[in-house]
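# Geometric and topological summary
Letter by letter, the chains look like this.
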Amino acid sequence: MYVHAFPFKLSQSVDIDRLRQAWLSTVNHLELLRTSFHFIPAMGSWIQAVHSISYPNWTETARHMHGSIGTEVEEFIRNLDFSSEISFRLPPAYARVYRDWSPSSSSVLVIILHHAVYDGLSIDRLNKLLKTFYHGRRPTQAPQFSTLLGYFKHQERYGTSFWTRLLKDCSRPRMQSRKDSD
């Protein structure tokens with residue numbers, strides 16, 4: 001299904017309400033987390049739509065953390081329906097907190113993303129951005145995907161000819177075998 005879960009064990013000191021606000025700020029900040037996908041039959045292709053309204057897809061569930069949450073995460077993913085175009089009308093990005101009710105254990109944040117989202121987004125970048133908002137700081141504005149589309153189209157059209165011309169007179173380096181290096 002191309003859906004993956006990225007779990008983050010939370011420190012006991014994490015304020016879940018503040019984390020939820022940080023997630024909402026992150027979704028507002030990153031176009032990709034507000035992007036839905038739509039199949040256009042007349043074109044025979046998919047298009048992306050960036051929403052100006054955020055759909056944070058945030059849920060919480062209480063549980064005792066003695067065991068693995070893997071089964072619960074798998075069940076959550078199985079209940080996500082990506083079987084038709086209508087399934088992608090909202091951005092396929094979810095945040096779910098498994099809140100531990102025992103005082104001696106930590107909760108877990110699981111970010112669940114369809115590959116259409118995480119292929120264009122570094123999980124490390126997402127994690128850093130979430131931490132930045134959690135700590136009340138404003139991140140520097142990174143270029144948004146939609147502003148780079150012209151660049152990608154230019155590279156798609158002219159990139160191959162450019163690199164072919166540039167590398168025309170280059171020769172392939174000879175790799176030495178172990179025998180040659182003795």
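Basis of the calculations
- Residues numbered from 1 in each chain as written.
- Predicted model: local features only at pLDDT ≥ 70, side-chain atom pairs only at ≥ 80, totals over all residues.
- Heavy atoms only, no water.
- Axes fitted to C-alpha atoms, helices over the stretch in contact; angles between N-to-C directions.
- Helix = DSSP H or I, 4+ residues; strand = E, 2+ residues; numbered from the N terminus.
- Parallel < 35°, antiparallel > 145°, perpendicular 65-115°, else oblique.
- Left-handed = near helix turned anticlockwise from the far one by under 90°.
- Contact = heavy atoms within 4.5 Å.
- Nonpolar A, V, L, I, M, F, W, Y, C, P; charged D, E, K, R; others polar.
- Pairing = 2+ DSSP bridges.
- Phe/Tyr/Trp six-rings, centres within 6.5 Å; stacked < 30°, edge-to-face > 60°.
- Buried < 20%, exposed > 50% of the residue type's maximum accessible area, 1.4 Å probe, protein only.
- Lys NZ or Arg CZ within 6 Å of the ring centre and 35° of its normal.
- Salt bridge = Lys/Arg side-chain N within 4 Å of Asp/Glu carboxyl O.
- Core = buried A, V, L, I, M, F, W, Y, C linked by side-chain atoms within 4.5 Å.
- Expected span 1.5 Å × (residues − 1).
- Arc of directions from axis to C-beta.

### Brief notes about the packing of helix α1 (residues 16–29) against helix α4 (residues 123–134)
Running from N to C, α1 and α4 point in directions that differ by 120°, and their axes come no closer than 8 Å. In terms of orientation, α1 and α4 fall into the oblique class. The interaxial crossing formed by α1 with α4 has right-handed handedness. Contacts between α1 and α4 involve Arg18, Leu19, Ala22, Trp23, Ser25, Thr26 and His29 from the first element and Leu126, Leu129, Leu130, Phe133 and Tyr134 from the second. Each residue belonging to the contact of α1 with α4 can be placed in one class, and the counts come to 8 nonpolar, 3 polar and 1 charged.

### Some details on the sheet that holds strand β4 (residues 58–63)
The 4 strands are arranged β1-β6-β5-β4 in an open sheet whose pairing can be described as mixed. Looking at which strands have only one partner, the edges of the open sheet turn out to be β1 (3–9) and β4. When the angles between neighbouring strand axes are averaged without regard to direction, this sheet yields 20°. Sheet topology note: the β1/strand β6 (residues 108–114) ladder contains 7 bridges and is antiparallel. Residue Phe8 lies in a different strand from β6, and its bridge partner there is Leu109.

### Observations regarding the packing of aromatic side chains
Under the counting rule described, the total for this entry stands at 4 aromatic pairs. Centre to centre, the rings of Phe76 and Tyr94 are 6.2 Å apart; their planes meet at 80°, and the pair counts as edge-to-face. Of this pair, Phe76 sits in helix α2 (residues 70–78) while Tyr94 sits in strand β5 (residues 93–100), and the two are 18 residues apart along the sequence. As far as burial versus exposure is concerned, Phe76 and Tyr94 are alike and both buried. Of note, Arg18 hangs over the ring of Tyr134, and the distance from its end group to the ring centre comes to 4.0 Å.

### Some thoughts on unusual backbone geometry
The phi dihedral of Asn57 falls on the positive side, at around 45°, and the residue is not glycine. Considering the arrangement of structural elements, one finds Asn57 in the loop between β3 (45–50) and β4. We classify Asn57 as partly exposed; its relative accessible area is 22%.

### Brief notes about the pattern of salt bridges
A side chain with one charge may pair with a side chain of the opposite charge, provided their charged atoms come close. Applying the stated criterion to the full structure yields 2 salt bridges. Here Glu60 makes a salt bridge to Arg99, at a shortest N to O gap of 2.9 Å. Remark: Arg99 occurs in strand β5 and Glu60 occurs in strand β4; sequence separation between them is 39 residues. The exposure class assigned to Arg99 is partly exposed, which follows from its relative accessible area of 32%.

### Side note on the nonpolar core
Residues Trp23, Leu33, Trp58, Leu109, Ile111 and Leu126 are the most contacted members of the largest nonpolar core, which totals 37 residues. Secondary-structure elements contributing two or more residues to this core are β1, α1, α2, β5, β6 and α4. With 6 residues, the single largest contributor to this core is β6. Those residues in contact with Ile111 that lie beyond four places of it in its chain are His4, Ala5, Phe6, Phe8, Trp23, Tyr94, Leu126 and Leu130.

### Some remarks on α1
With 14 residues, α1 ought to run about 20 Å at 1.5 Å a step, and its terminal C-alpha atoms sit 20 Å apart, in line with that. Taken residue by residue, α1 has Ile16, Leu19, Ala22, Trp23, Thr26, Val27 and His29 as its buried positions. Relative to the axis of α1, the buried residues are bounded by an arc of 160° and lie together on one face. Looking at the buried side of α1, the elements it contacts are β4, β5, β6 and α4.

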